[in-house]
Amino acid sequence: SAKKDGKNRCLWFEPTMENDLRFRNQLEQGLRRALAESQFEPFYEQQIDLDSGELVGFEMLARWDSPELGLVSPEIFIPIAEEMGLIVELSEQLVSKALVDASGWDPSLTLAINISPVQLRDPWFAQKLLKLLVKHNFPPQRLEIEITETCLHDNVAMVRSMIVSLRNQGVRVSLDDFGTGFSSLEQLRSLPFDRIKIDRAFVGELRDNEGGSRIVDAIVSLGRGMGLPVTAEGIEDAQMLDALRKMGKLKGQGYHYGKPENAEQVHQRLLASGLAIAAEERSEFPAR
Ligand code: C2E
Ligand code: MG
Ligand code: MG
Ligand code: MG
């Protein structure tokens, strides 16, 4: 189910890990060091217009290859960084790198970033993000932020004003992992999202073709009814893609198009399709 899939992002960490204090301590120390040494790397997953098959942008996904612990999943380190009060700094570090990377992409390509509910509780969040965009000379229209549904009930009024000020500046806001959280349809209606993303737990139902697309169908019609475009995440094979394409007008992403890649791999991919901007053509060429 969606919950088993680790989508309960409001929970701090898994109960089994709660007992493992040593691992927990290692993680905490590792995280502080990782932040100081800038060990976090943005990876990028392609986002595709399913009708045309064209690349429309990338979602940035945090990666941490710890010298002590090896690769640690963001589903583990993000919640701990939230709890330790490090998420704001961590996100700033990653987003700065991502803005530099994305400045080398064709301007038609968007950058989507995931934002933690803890960051949304910071009244200065929108202002800080917009400042970062100015610093990197990055058009707000090319940025999309993804908010998970799971934590929306926290403070609807505040989330709402945050979304409004970001949208006023041209940033678009998506509701991520739709269907896995607790937000009511009323809340969905009252928050001005630009897009909803169907969680891959539901998209996975398309795999066996046993008429299992009912939830996906329902979410797509819900989105259409509300005038919201829809992205399907977790497209893993041609069969899933086919089922989604038949619904029309969707965007999608998933391992079918390849695993998330680092900045250099993305750059090579874009060079090959004429979508990379040569260094000398870039107005600014700031270091990360
Ligand atoms: P998400 O935003 O829903 O991201 C999608 C996750 O599904 C990513 O896992 C991605 O690698 C994975 N995925 C994509 N396509 C497929 C597929 O076809 N099959 C399967 N099985 N998986 C697929 P990842 O990178 O481990 O990230 C997990 C979650 O961690 C993200 O879920 C997001 O909520 C959070 N996260 C990642 N990076 C950041 C970040 O920089 N900041 C914050 N606040 N959260 C982040
Ligand atoms: Mg996301
Ligand atoms: Mg998602
Ligand atoms: Mg998801």
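The model shown is predicted, which means the values in this text are computed figures rather than measured ones.

Novice: Would you mind going over the overall build of the protein chain with me for this structure?
Specialist: Secondary structure assignment for the protein chain yields 13 helices and nine strands. The burial tally for the protein chain puts 50% of its 288 residues in the buried class. For the protein chain, contacts bridging at least 24 residues in sequence account for 72% of all contacts bridging at least 6.

Novice: Can you help me understand the coordination of the magnesium ion (ligand 3) in this one?
Specialist: A four-donor tetrahedral metal ideally has 109.5 degree angles, and a six-donor octahedral metal ideally has angles of 90 or 180 degrees. Ligation of the magnesium ion (ligand 3) by protein atoms is provided by Asp 176 (OD), Asp 177 (OD) and Glu 233 (OE), these donors lying 2.0 to 2.4 Å from the ion. Read from N- to C-terminus, the donor residues coordinating the magnesium ion (ligand 3) fall into the pattern D-D-x55-E. Taken as a pair, the magnesium ion (ligand 3) and the magnesium ion (ligand 2) show a spacing of 3.6 Å, with Asp 176 coordinating each metal. Side by side, Asp 176 and Asp 177 carry an identical accessibility label, which is buried.

Novice: Just checking my understanding: could you explain the environment of Asp 65 for this structure?
Specialist: Summarising the element assignment, Asp 65 is placed in strand S2 (residues 54-66). With sequence-adjacent residues up to four places away left out, Asp 65 is seen in contact with Gly 70 and Leu 71.

Novice: Mind showing me how you'd approach the coordination of the magnesium ion (ligand 4) here?
Specialist: Taken together, Asp 177 (OD), Asp 199 (OD) and Glu 233 (OE) make up the full set of protein donors to the magnesium ion (ligand 4), lying 2.1 to 2.8 Å away. What makes Asp 199 buried here is its relative accessible area of 0%.

Novice: I keep staring at the site of ligand 1 and nothing clicks. Help me out?
Specialist: If you check the shell around ligand 1, you find 24 residues, and the closest are Glu 45, Arg 63, Asn 114, Glu 236 and Tyr 255. In this structure, a nitrogen atom belonging to ligand 1 sits 3.4 Å away from a main-chain N or O atom of Ser 116. Isolated, ligand 1 exposes 800 Å² of accessible area, and the fraction of that covered by the protein chains is 93%. In this structure, ligand 1 is accommodated by the largest pocket. Going through the elements one at a time, S2, helix H4 (74-83), strand S4 (110-115) and strand S6 (172-178) are the ones with two or more residues in the shell around ligand 1. Of the residues contributing to the shell around ligand 1, the split by class is nine nonpolar, four polar and 11 charged.

The rules behind the values
Residues numbered from 1 in each chain as written. Chains lettered and ligands numbered in written order. Predicted model: local features only at pLDDT ≥ 70, side-chain atom pairs only at ≥ 80, totals over all residues. Heavy atoms only, no water. Helix = DSSP H or I, 4+ residues; strand = E, 2+ residues; numbered from the N terminus. Buried < 20%, exposed > 50% of the residue type's maximum accessible area, 1.4 Å probe, protein only. Contact = heavy atoms within 4.5 Å. Donors = N, O, S within 2.8 Å, 3.2 Å for Na, K, Ca; no water. Near = heavy atom within 4 Å. Polar contact = N/O pair within 3.5 Å; in protein donor to acceptor, adjacent residues only side chain to side chain. Areas by Shrake-Rupley, 256 points an atom, 1.4 Å probe, with all protein chains shown as cover. 1 Å grid on protein atoms, 1.4 Å probe; cavity = no way out; pocket = protein on both sides within 12 Å on 5 of 7 lines; lining within 4 Å. Sits in = over half its atoms within 2 Å of the grid points. Nonpolar A, V, L, I, M, F, W, Y, C, P; charged D, E, K, R; others polar.

Spatial relationships are all this shows, so hold off on functional conclusions.
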